[in-house]
Amino acid sequence: MLRGLYDWTISLAESRYALWALAFVAFVESSVFPIPPDVIMIPMIIAAPRRAFLIATVALVASVAGGMLGYYIGWGLFESVGQPVLDFYGKTDAAAEFAAKYNEWGAWAVLIAGVTPFPYKVITILSGWTGLSFGVFMIASILARGLRFFVVAALLWKFGEPIRDFIERRLGLVFILFVVLLLGGFFAVKYL
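Residues numbered from 1 in each chain as written. Predicted model: local features only at pLDDT ≥ 70, side-chain atom pairs only at ≥ 80, totals over all residues. Heavy atoms only, no water.

Caption draft 1: Geometry of the nonpolar core. With 34 residues, the main nonpolar core has Leu22, Met41, Met44, Ile45, Val110 and Phe137 as its most contacted residues. Ranked by residues supplied to this core, first place goes to helix H4 (residues 52-89) with nine residues. Those residues in contact with valine 110, other than ones at most four positions away along the chain, are Tyr102, Tyr120, Ile123, Ser127, Leu132, Phe137, Ala140, Ser141 and Ala144. (Core = buried A, V, L, I, M, F, W, Y, C linked by side-chain atoms within 4.5 Å. Buried < 20%, exposed > 50% of the residue type's maximum accessible area, 1.4 Å probe, protein only. Helix = DSSP H or I, 4+ residues; strand = E, 2+ residues; numbered from the N terminus. Contact = heavy atoms within 4.5 Å.)

Caption draft 2: Structural detail: the packing of aromatic side chains. Overall, the coordinates contain six aromatic pairs when judged by the stated rule. Judged by centre distance (5.1 Å) and plane angle (70 degrees), the ring pair of tyrosine 71 and phenylalanine 134 falls under edge-to-face. Of this pair, tyrosine 71 sits in helix H4 while phenylalanine 134 sits in helix H7 (residues 134-169), and the two are 63 residues apart along the sequence. Here phenylalanine 134 falls in the partly exposed class, since its relative accessible area comes to 38%. (Phe/Tyr/Trp six-rings, centres within 6.5 Å; stacked < 30°, edge-to-face > 60°.)

Caption draft 3: Expanded view of the pattern of salt bridges. According to the stated counting rule, one finds three salt bridges in the structure shown. For the salt bridge of lysine 121 with glutamate 29, the shortest nitrogen-to-oxygen distance reads 3.8 Å. Of the two residues, lysine 121 sits in helix H6 (residues 120-130) while glutamate 29 sits in helix H2 (residues 18-29), which places them 92 residues apart along the sequence. As far as burial versus exposure is concerned, lysine 121 and glutamate 29 are alike and both buried. One network of salt bridges, with partners in common, ties together Glu29, Lys121 and Arg145. (Salt bridge = Lys/Arg side-chain N within 4 Å of Asp/Glu carboxyl O.)

Caption draft 4: Here's a closer look at the confidence of the model for the chain. Across the chain, the average pLDDT comes to 81, with 82% of residues at 70 or higher. When mean pLDDT is compared element by element in the chain, H2 scores highest at 92, while helix H8 (residues 171-191) scores lowest at 65. (pLDDT = per-residue confidence, 0-100.)

Caption draft 5: Expanded view of a nonpolar patch on the surface. On the surface, Val115, Leu147, Val151, Leu155 and Phe159 cluster together to form a nonpolar patch covering roughly 420 Å² of accessible area. By residue number, the principal contributor to the nonpolar patch is H7, which donates four residues. Looking at the secondary structure, you find valine 151 in helix H7. According to the relative accessible area criterion, valine 151 is partly exposed, its value standing at 40%. (Patch = residues over 30% accessible without salt bridge, like charges linked within 9 Å, V, L, I, M, F, W, Y side chains within 5 Å. Areas by Shrake-Rupley, 256 points an atom, 1.4 Å probe, with all protein chains shown as cover.)

Here's what the structure looks like:
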């Protein structure tokens with residue numbers, strides 16, 4: 001099953017629609033979708049290393065645009081959905097205190113979530129909800145997502161074939177590591 005999924009991803013990565021698929025996944029991952037764009041980006045770079053930095057650029061632009069949507073979700077839906085819930089539970093003051101603390105450290109939260117497996121969408125929505133400066137949010141997002149995608153692109157561009165061999169020989173292990181990182185990010189959201 002994993003081999004079939006891997007082969008499908010590689011064939012998608014080699015198709016003429018690969019950049020559009022990557023852009024779509026990177027966009028929705030930044031606001032609502034749980035699967036990171038690395039799932040498509042890495043096979044794309046392995047399949048076409050000469051396009052590594054174009055692929056990273058597409059992932060960066062789409063991810064930051066999706067982050068803007070996440071920010072808007074947090075900002076635009078708070079009044080209609082979040083505020084009545086906080087009022088009902090008597091937590092409006094606690095939410096205001098959290099928002100103040102978050103905004104003090106918000107740029108760091110965006111940077112950390114942007115380069116780690118921590119779900120970036122949580123931070124994009126929180127940033128809008130707390131009213132983190134949109135400029136700060138954008139700068140931190142561009143730096144974090146750029147660092148993440150361009151480091152991956154550079155490593156795969158430089159060491160692509162050995163990495164491809166490693167992935168293909170140890171596909172099960174690579175998949176398990178990916179799932180552990182993904183679940184670790186969601187665990188961090190829930191318990192940290």
